[in-house]
Amino acid sequence: PVAYTFPNKMSHPYEMYSFMHWINSSMATSFLCSLQEELDIRPKVSSFLSRLVNYTNITQGAREHEEEESANVSRKKSTPLRQAPNMGTLMGVYLPCLQNIFGVILFLRLTWIVGTAGIAQSLIIVFMCCSCTMLTAISMSAIATNGVVPAGGAYFMISRSLGPEFGGAVGLCFYLGTTFAAAMYILGAIEIFLKYLLPQAAIFHASGPHGGDSAMLNNMRVYGTLCLSLMALVVFVGVKYVNKLASLFLACVIISIFSIYAGAIKSITHPPEFTVCMLGNRTLERDLFDVCSKTVVVGNETVPSQLWRSFCPEGNVSSAQCDDYFSQNNLTEIPAIPGLASGIISDNMWGDYMQKNDVMEKAGLSSVDAKGPAESIGMYVTADIATSFTLLVGIFFPSATGIMAGSNRSGDLRDAQKSIPVGTILAITTTSLVYFSSVVLFGACIEGVVLRDKFGDAVNKNLVVGTLSWPSPWVIVIGSFFSTVGAGLQSLTGAPRLLQAIAKDNIIPFLRVFGHGKANGEPTWALLLTGVIAELGILIASLDMVAPILSMFFLMCYLFVNLACAVQTLLRTPNWRPRFKYYHWALSFLGMIMCVALMFISSWYYAIVAMGIAGLIYKYIEYQGAEKEWGDGIRGLSLSAARYALLRLEVGPPHTKNWRPQLLVLLKMDEDLHVKYPRLLTFASQLKAGKGLTIVGSVIQGNFLESYGETQASEQAIKNMMEIERVKGFCQVVVASKVRDGIAHLIQSCGLGGMKHNTVVMGWPYGWRQSEDPRAWKTFINTVRCTTAAHLALMVPKNVSFYPSNHERFSDGNIDVWWIVHDGGMLMLLPFLLKQHKVWRKCNMRIFTVAQMDDNSIQMKKDLATFLYQLRIEAEVEVVEMHDSDISAYTYERTLMMEQRSQMLRQMRLSSAERDREVSSGRSFTFYMVLGDIAQLVKDRHSLVRMGSLYSDEEEEVLESPTEKVHMTWTKEKCEAERRNHTNAPENFRELISLKPDQSNVRRMHTAVKLNEVIVNRSHDARLVLLNMPGPPRDTGGDENCILTKGLLTGGGGVWSDC
């Protein structure tokens, strides 16, 4: 036995098929010959494997640069364009991640966080942030090892895992986070420059005791803008210069960190000689005076010190009017760095959160509480902002970001699927250990008031972490400055390329211009936009305010990385086969929870804004309709959710409270495969308003094998019309040999499980009496019968061409409901649903019911009003009394005409075998018609039809089958019988003249005519008329009577329903 797999042209090009068992040579030869046509258009296995082996990853955002370089090289020499990737785990992932994770927060804010939150809460902050990034790194490793990840980083992973909508939204959030990170690094560099490197370079100076903050912000804005312009120019000139300086910047970071550890170890025996001047228990700014004393001895004379003159501006030592707090408290000096063996760790264990302008105080020192003048507040070290645990979380989290650096370089790695997980997780482990140890070392070595001193005012404007470093504070100052500059350059380099990658995917139309750049592919326009957005961060001019902003965007990105991994793991899609095995969906969900928690802990309003931006981008991409099929997991998630929901719907029938019309709209196509009555879709759109199920079906008459192209064209035409009419639903086109069979199939088989239609909408068969083909009304009646047999509701809009479009608005008017037969309340529900649409919203609802002579019309009106009150429907109620009257001559004549026409058609039918027999006998076939009354009757009633169309569908089936020759042996008895039949033919037609109509038909016709008169009289000015109709007759012989009765009853148009 041999198992073959036949190639399918619609299959995925990367799917590979195999033969099972052995095939002998002759069979293999014949098989290859049979596939000769396929081999002409499909690749051979050998060439396919060759392309897979030679696959090279082109970095997203640099494709044009790659092509330009390739063209230049091919013109000069024929050497290969790019070398094989040869970067290992250390150089390709570990060190780049270290450089991106370590940054400005470690050097400028970690000591302040430890002093404010205390060692215990600082460890909690570090643990929360590092745990979040570690869980995200595990999820990212699983995604990155599930195939090749180009240099789109998080954007590529999320978009290919969760679809273009999520990918575009999170990609832009990641881009904004990277851009604001550049602004944060630049602000950090400027703060180091103006505070510690060259304070004399400040342009703006404080004009009063409280003007220092505003002057500093203005200086940050000016120098930050200049620095941003210079960095953007460097990036524009060439990225290669940035890459060459990367190793220098990394060396600065590593040396600075080692100097901190060296200084902490040295402080055990030889602490640095930095002191803090305390007035009582308050910390003084050390750069505002020379000696920490109230008086100094000059020669043999005691004179006021510079500090004295600051608190006592006038008079000498004995007569001056000094600050009360200064007069009542003593000055003391305490070591700023007591050292690792001092035991200061117990004092720094718990936090001391402060409000803005609160003075730094040391709890262990004695102090006499006294108020002093406001001018003296400038002498103390005060808090520049109000602090809280949540604020510190938002400020610290950027120091844990940067874990995507390894995945961004996957195209340059020798073995990306091994290096990315190992390098990233090792880098996070290393940085986490550094952060944990730094928190403990800072709390164990540095005095608490110095830790809470953000800018080092208490230690003579020195960088606080620099006072601990060895051999000199300048190591930290210079190293941190270059590390922040390098990180800013890296961000300005990566952000434009990320934006270019998003723009080149063409999922956000208005970003398309940013996909272009210079001739070599450099993203010029993207760099310009990045500079503009980074300038907004520079204008904020506060590192503490910018950090939470980028925390939101990075947390949003990490949130969706975890979501992507969790979705792929739970769905167990066939292509989810990551080489990294140490992941689990529970870890991904925990990472998601931590990301959301950190977002709202950091800043709930920033979190809402970030989610709002991502949501708007998502809806915009969804509205624009990004036609990208990346095999994302959201589609698989939707399928799983749909399957679960369908299985739940199968449990039992829906409750009446949840009942709503689930429509099957039957459309008719014209000869050009266009929708013949598009207003049916308008009616469905206004009735449903996007809620519930809508299936639009149509039938094409013919053979499926020959009509497949017409089926696809009809389906596309219907989908286009559904989009125009804003109908949210599904389309199904079937091919059947007969239209009524196709409609029956649609009624039976549309829907899936519990998600099936309960209402059929179809158009009225216009011109059925003038048509030469009776199949139109026969198909209509057959559809009514099928709907009734399936226990479905039926709605038939009449005069649907005059139905209002979705753009019209009725400012007044009525929707009239003629409630003739109780239908369970559906007729009351239809106008309520229509009034939810803006077209009918301002229309009033009127309900008419019919009372017979023996009914109490007053009581009926009260009962109907009570019934509507219980249904919570506002409507006017009117009861119409139908009086018994004599049957008019018109009604009698109309009924007589209807029955005569039916009788005549029955007498004129011949089977196929009889006609063949007449032809084979050689005699002509003739109708003997009385040229008097019958001819005039047929002419007056528009009932003259061709002989070839007088047969029912069943008879047409016989006619369409191949005719067989009939060989007959004519006996004498058969000839006499045939002669008698033709002799009696005129007598059969004469019976039509004396035919009397059935009294039940006359009564039914009379009721229809009278009710139509009342409806036209009462509802002639209504916008829409709704009424229910009787079902089809049990006897199929009365089909024509049925449709004529319905036509008379609805002569004014409207929508009738049959439930």
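In this text the structure is predicted, and so the values were computed from the model without any measurement.

How each quantity is defined
- Residues numbered from 1 in each chain as written.
- Predicted model: local features only at pLDDT ≥ 70, side-chain atom pairs only at ≥ 80, totals over all residues.
- Heavy atoms only, no water.
- Helix = DSSP H or I, 4+ residues; strand = E, 2+ residues; numbered from the N terminus.
- Buried < 20%, exposed > 50% of the residue type's maximum accessible area, 1.4 Å probe, protein only.
- Contact = heavy atoms within 4.5 Å.
- Areas by Shrake-Rupley, 256 points an atom, 1.4 Å probe, with all protein chains shown as cover.
- pLDDT = per-residue confidence, 0-100.
- Pairing = 2+ DSSP bridges.
- Disulfide = S-S within 2.5 Å.
- Axes fitted to C-alpha atoms, helices over the stretch in contact; angles between N-to-C directions.
- Parallel < 35°, antiparallel > 145°, perpendicular 65-115°, else oblique.
- Nonpolar A, V, L, I, M, F, W, Y, C, P; charged D, E, K, R; others polar.
- Salt bridge = Lys/Arg side-chain N within 4 Å of Asp/Glu carboxyl O.

For the chain, the helix and strand inventory stands at 37 helices and 15 strands. Residues classed as buried in the chain amount to 49% of the 1059 residues present. Of the contacts made within the chain by residues no fewer than 6 positions apart, 82% connect residues no fewer than 24 positions apart. As presented, the chain carries roughly 52700 Å² of accessible surface, and 57% of it is formed by carbon and sulfur atoms.

What follows is about the confidence of the model for the chain. Parts of the prediction with low pLDDT should not have their coordinates interpreted in detail. Here the chain averages 77 in pLDDT, and 73% of its residues register 70 or above. Every residue in residues 909–968 scores below 50 in pLDDT, and together they form 69 contacts with partners more than four places removed in sequence or on other chains.

Turning next to the sheet that holds strand β5 (residues 331–335). Reading across the sheet, the 3 strands line up as β2-β1-β5 and stay open at both edges, with antiparallel pairing between neighbours. Bordering the open sheet on either side are β2 (282–283) and β5, each of which pairs with just one other strand. Sheet topology places strand β1 (residues 275–279) next to β2; 2 bridges connect them, and they run antiparallel. By the bridge assignment, M278 is partnered in β2 with T283.

For the rest of this paragraph, the subject is the state of the cysteines. In the structure shown here, the tally under the stated rule is 1 disulfide. Put simply, C277 and C292 are joined by a disulfide, and their sulfur atoms are 1.9 Å apart. Where C277 bonds to C292 through sulfur, the torsion about that S-S bond is close to 75°, and the disulfide is right-handed. Here C277, found in strand β1, pairs with C292, found in the loop between β2 and β3 (295–298); they are 15 residues apart in sequence, far enough to count as distant. Take C277 and C292: they sit in the same class, and that class is buried. Unpaired in terms of disulfides, C595 finds its nearest cysteine sulfur in C132, a separation of 3.4 Å. Cysteine C731 shares no disulfide, and the gap to the nearest cysteine sulfur, in C750, comes to 9.6 Å. The exposure class of C731 is buried, given its relative accessible area of 16%.

Look at helix α14 (residues 389–396) against helix α22 (residues 585–602): their axes get within 7 Å of each other, and the N-to-C directions meet at 120°. Between α14 and α22, the crossing angle belongs to the class labelled oblique. Residues T390, L391, V393 and G394 of α14 form the contact with α22, whose own contacting residues are L598, I601 and S602. When the residues that make up the contact of α14 with α22 are grouped by side-chain class, the tally is 4 nonpolar, 3 polar and no charged.

Our focus in this paragraph is the environment of N218. Along the chain, N218 falls in helix α10 (residues 212–237). According to the relative accessible area criterion, N218 is partly exposed, its value standing at 29%. Between the C-alpha atom of N218 and that of F204, which follows or precedes it by 14 residues, the distance is 6.8 Å.

Attention shifts here to the pattern of salt bridges. Under the counting rule described, the total for this entry stands at 16 salt bridges. Across the salt bridge formed by K719 and E715, the nearest N and O atoms sit 3.4 Å from each other. In this pair, K719 and E715 are both assigned in helix α26 (residues 708–724), 4 residues apart and thus about one turn of the helix distant. Taking relative accessible area as the criterion, K719 reaches 40% and is therefore assigned partly exposed. Two residues, D1021 and R846, come together in a salt bridge whose shortest N-O distance is 3.8 Å. Highlighted residues: D1021 in the loop between α36 (999–1018) and β14 (1024–1028) and R846 in strand β12 (residues 844–851), separated in sequence by 175 residues. For D1021, a relative accessible area of 47% gives the class partly exposed. Several salt bridges converge on common partners, so that one network encompasses R109, E191, D384, K454 and D544.

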